[in-house]
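Working through the structure, step by step
Below are the chains, spelled out letter by letter.
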Amino acid sequence: MTGEFGAFIAQKRLEKDVKLKPIAEKLGVSVTYLSDIIKGRRNPPDLEGLELLANVLNLNDEERNEMLDLAGSARKQISPDLPEYIMNVNIPSARIALRKAKNYRLGDDFWQEVNKIIDQKNASEK
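Rules and cut-offs
- Residues numbered from 1 in each chain as written.
- Predicted model: local features only at pLDDT ≥ 70, side-chain atom pairs only at ≥ 80, totals over all residues.
- Heavy atoms only, no water.
- Helix = DSSP H or I, 4+ residues; strand = E, 2+ residues; numbered from the N terminus.
- Buried < 20%, exposed > 50% of the residue type's maximum accessible area, 1.4 Å probe, protein only.
- Contact = heavy atoms within 4.5 Å.
- Areas by Shrake-Rupley, 256 points an atom, 1.4 Å probe, with all protein chains shown as cover.
- Salt bridge = Lys/Arg side-chain N within 4 Å of Asp/Glu carboxyl O.
- Patch = residues over 30% accessible without salt bridge, like charges linked within 9 Å, V, L, I, M, F, W, Y side chains within 5 Å.

Regarding the overall build of the protein chain
Across its full length, the protein chain carries 8 helices and 0 strands. When the backbone C-alpha atoms are referred to their principal axes, the protein chain occupies close to 45 × 35 × 30 Å. Residues counted as buried form 27% of the 126 residues belonging to the protein chain. Here the contacts in the protein chain between residues at least 6 apart in sequence split such that 56% fall between residues at least 24 apart. A total of about 9,100 Å² of accessible surface is found on the protein chain, and carbon and sulfur atoms cover 50% of it.

Written out as structure tokens, the structure reads:
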């Protein structure tokens with residue numbers, strides 16, 4: 001049965017007219033193994049494999065991020081591009097903020113405001 005990650009990859013393959021074989025070759029896996037990933041019988045690849053997959057499928061940033069989120073969800077883990085940042089010893093405030101938001105049960109509306117602040121900071125530094 002295809003999971004959300006597999007359905008996403010299958011959809012992008014069709015949209016971008018990319019066959020399984022070139023993807024499997026780029027990832028260094030068999031077509032059967034890749035097919036099992038798409039059908040939800042195997043976990044999505046690791047971060048390096050996901051980055052290769054994003055390149056082969058020519059995903060834009062939004063599509064890449066969605067793919068990473070779906071891969072994390074399929075593995076019942078955080079998106080694989082985030083742990084290194086979250087656990088960076090030089091930014092403990094990131095973990096503190098996430099725990100506070102969790103404890104206070106802050107929802108998406110809160111994080112939308114945080115994103116606006118980040119975007120404003122980024123725009124002012126350009």
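Comments concerning the environment of lysine 116
Looking at the secondary structure, you find lysine 116 in helix H8 (residues 108-124). Here the alpha-carbon distance between lysine 116 and lysine 102, two residues 14 residues apart in the chain, equals 19 Å.

As for the pattern of salt bridges
Evaluated as defined, the whole model comprises 9 salt bridges. As a salt-bridge pair, glutamate 63 and lysine 16 come within 3.3 Å of each other at their nearest N and O atoms. Of the two residues, glutamate 63 is situated in helix H5 (residues 61-74) and lysine 16 in helix H1 (residues 4-16); the sequence distance between them amounts to 47 residues. The network of salt bridges with shared partners includes Lys12, Glu15, Lys16 and Glu63.

Details of unusual backbone geometry
The backbone phi angle of lysine 76 is positive, close to 60 degrees, even though this residue is not glycine. Relative to the elements of secondary structure, lysine 76 occurs in the loop between H5 and helix H6 (83-86).

A closer look at a nonpolar patch on the surface
Together, Tyr104, Leu106 and Phe110 make up a nonpolar patch on the protein surface, roughly 310 Å² of accessible area in all. Inspection of the secondary structure puts phenylalanine 110 in helix H8.

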